[in-house]
Amino acid sequence: ANMKDPYGALADFTKALFIDPDNSDALYLRGQIYAQLNVRHLALSDYNRAIKLSPDSPYFERRGIAHSVELDQKKRLADYNVLLQRHPKVAEYYFERGAAYLYLRRPAQALADFERGLKLAEANKKIEASHYFYRGLALRELNRCDAAMADFKRACDLELKEACEHGCGPQPTV
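An account of the accompanying structure is given in this report. Computed from a predicted structure; not experimentally measured. (Residues numbered from 1 in each chain as written. Predicted model: local features only at pLDDT ≥ 70, side-chain atom pairs only at ≥ 80, totals over all residues. Heavy atoms only, no water.)

1. A word on the overall build of the protein
Thought 1: When you go through the protein residue by residue, the secondary structure sums to 10 helices and 0 strands.
Thought 2: In sequence order, the protein lays out its α and β elements as α-α-α-α-α-α-α-α-α-α.
Thought 3: Taken over the C-alpha atoms alone, the protein extends approximately 60 × 30 × 30 Å along its principal axes.
Thought 4: Taken across its 174 residues, the protein has 41% of its residues classed as buried.
Thought 5: Once local pairs closer than 6 in sequence are excluded, the contacts in the protein between residues at least 24 apart make up 39%. (Helix = DSSP H or I, 4+ residues; strand = E, 2+ residues; numbered from the N terminus. Buried < 20%, exposed > 50% of the residue type's maximum accessible area, 1.4 Å probe, protein only. Contact = heavy atoms within 4.5 Å.)

2. Observations concerning the nonpolar core
Thought 1: In this structure, Phe95, Leu102, Ala110, Phe114, Phe133, Ala138 and Ala155 are the most contacted members of the largest nonpolar core, which totals 43 residues.
Thought 2: Mapped by element, the contributors of at least two residues to this core are helix H1 (6–19), helix H2 (24–36), helix H3 (40–53), helix H5 (73–86), helix H6 (91–103), helix H7 (107–123), helix H8 (129–141) and helix H9 (145–157).
Thought 3: No other element matches the 7 residues that H6 contributes to this core. (Core = buried A, V, L, I, M, F, W, Y, C linked by side-chain atoms within 4.5 Å.)

3. Topic: the packing of H6 against H7
Thought 1: Two elements in contact, H6 and H7, have axes separated by 8 Å at closest approach and are oriented at 165 degrees. Of the possible angle classes, the one that applies to H6 and H7 is roughly antiparallel. Crossing angle aside, the handedness with which H6 passes H7 is left-handed. Within the contact between the two elements, H6 uses Ala91, Tyr94, Phe95, Arg97, Gly98, Ala99, Tyr101 and Leu102 and H7 uses Pro107, Gln109, Ala110, Asp113, Phe114, Arg116, Gly117, Leu118, Leu120 and Ala121. (Axes fitted to C-alpha atoms, helices over the stretch in contact; angles between N-to-C directions. Parallel < 35°, antiparallel > 145°, perpendicular 65-115°, else oblique. Left-handed = near helix turned anticlockwise from the far one by under 90°.)

4. What to know about the state of the cysteines
Thought 1: According to the stated counting rule, one finds 2 disulfides in the structure shown.
Thought 2: Between the sulfur atoms of Cys145 and its disulfide partner Cys168 the distance amounts to 2.3 Å. As the torsion about the S-S bond is roughly -85 degrees, the Cys145-Cys168 disulfide counts as left-handed. Of this pair, Cys145 sits in helix H9 while Cys168 sits in the segment after helix H10 (161–164), and the two are 23 residues apart along the sequence.
Thought 3: Shown here is the disulfide that connects Cys156 with Cys164, its sulfur atoms set 1.9 Å apart. Since a negative S-S torsion denotes a left-handed disulfide, the Cys156-Cys164 link at about 95 degrees is right-handed.
Thought 4: Residue Cys156 is classed as partly exposed on the basis of its relative accessible area, which comes to 24%.
Thought 5: Each bonded cysteine in the protein gets a number by its place in the sequence, and the pairs come out as 1-4, 2-3. (Disulfide = S-S within 2.5 Å.)

5. Describing the side chain of His131
Thought 1: Along the chain, His131 turns up in helix H8.
Thought 2: Excluding anything up to four places from it in sequence, His131 contacts Glu92, Phe95, Leu118, Ala121 and Lys126.

6. Details of the pattern of salt bridges
Thought 1: Overall, the coordinates contain 8 salt bridges when judged by the stated rule.
Thought 2: Across the pair Asp22 and Arg49 runs a salt bridge, and its minimum N-O distance is 2.6 Å. In this pair, Asp22 is assigned in the loop between H1 and H2 and Arg49 in helix H3, connecting sequence segments 27 residues apart.
Thought 3: Given the relative accessible area of 34%, Arg49 is considered partly exposed. (Salt bridge = Lys/Arg side-chain N within 4 Å of Asp/Glu carboxyl O.)

7. Observations regarding the packing of aromatic side chains
Thought 1: Tallied over the entire structure, the rule returns 6 aromatic pairs.
Thought 2: With centroids separated by 5.9 Å and ring planes inclined at 40 degrees, the aromatic side chains of Tyr28 and Tyr47 adopt a geometry described as tilted. Within this pair, whereas Tyr28 is found in helix H2, its partner Tyr47 is found in helix H3, the two being separated by 19 residues in sequence. Here Tyr28 and Tyr47 have matching classes, each one buried.
Thought 3: Between Phe133 and Phe152, the aromatic rings sit 5.8 Å apart at their centres with planes inclined by 45 degrees, giving tilted as the arrangement. Taken as a pair, Phe133 in helix H8 and Phe152 in helix H9 lie far apart in primary sequence, 19 residues in all. Phe152 matches Phe133 in its accessibility class, with the two residues each being buried.
Thought 4: Ring pairs connect the aromatic residues Phe95, Phe114, Phe133, Tyr134 and Phe152, which therefore count as one cluster. (Phe/Tyr/Trp six-rings, centres within 6.5 Å; stacked < 30°, edge-to-face > 60°.)

Following this line, the structure appears as structure tokens:
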């Protein structure tokens, strides 16, 4: 399947699944195509089936990303819990789970994940502006304004323009 031709790849994976409906790799890859085509409910359906067929697979990450796009934070949280049990040293998984906690209005748990993720990212020299930005959001929710503003400034200094506009006063509700 040529992944640069999503419709052709979709047809190829669908044919493969007609021959072998329990092919978890084909389900996962077809799910990626559906996600690329913004057909999220079909992407999630394929990811769910692939995970059911291969529960020890790495498919949880893609499904977690799809849940974040669909704004289903509880399911996103569940997938990143599984991923972190399996891969406790992947910084990005802590940031993803922390973001889910933040959306669920659980800033203390979000902050703990952002702290852990930052330590891992610093150790691997893979720090990003968004890491500071999200920690700043959690700190702001916990009314730790000085620390939040310091993180927003770090993120702004790393050229995340969105962070430059954040303060610690009353925030608009989304």
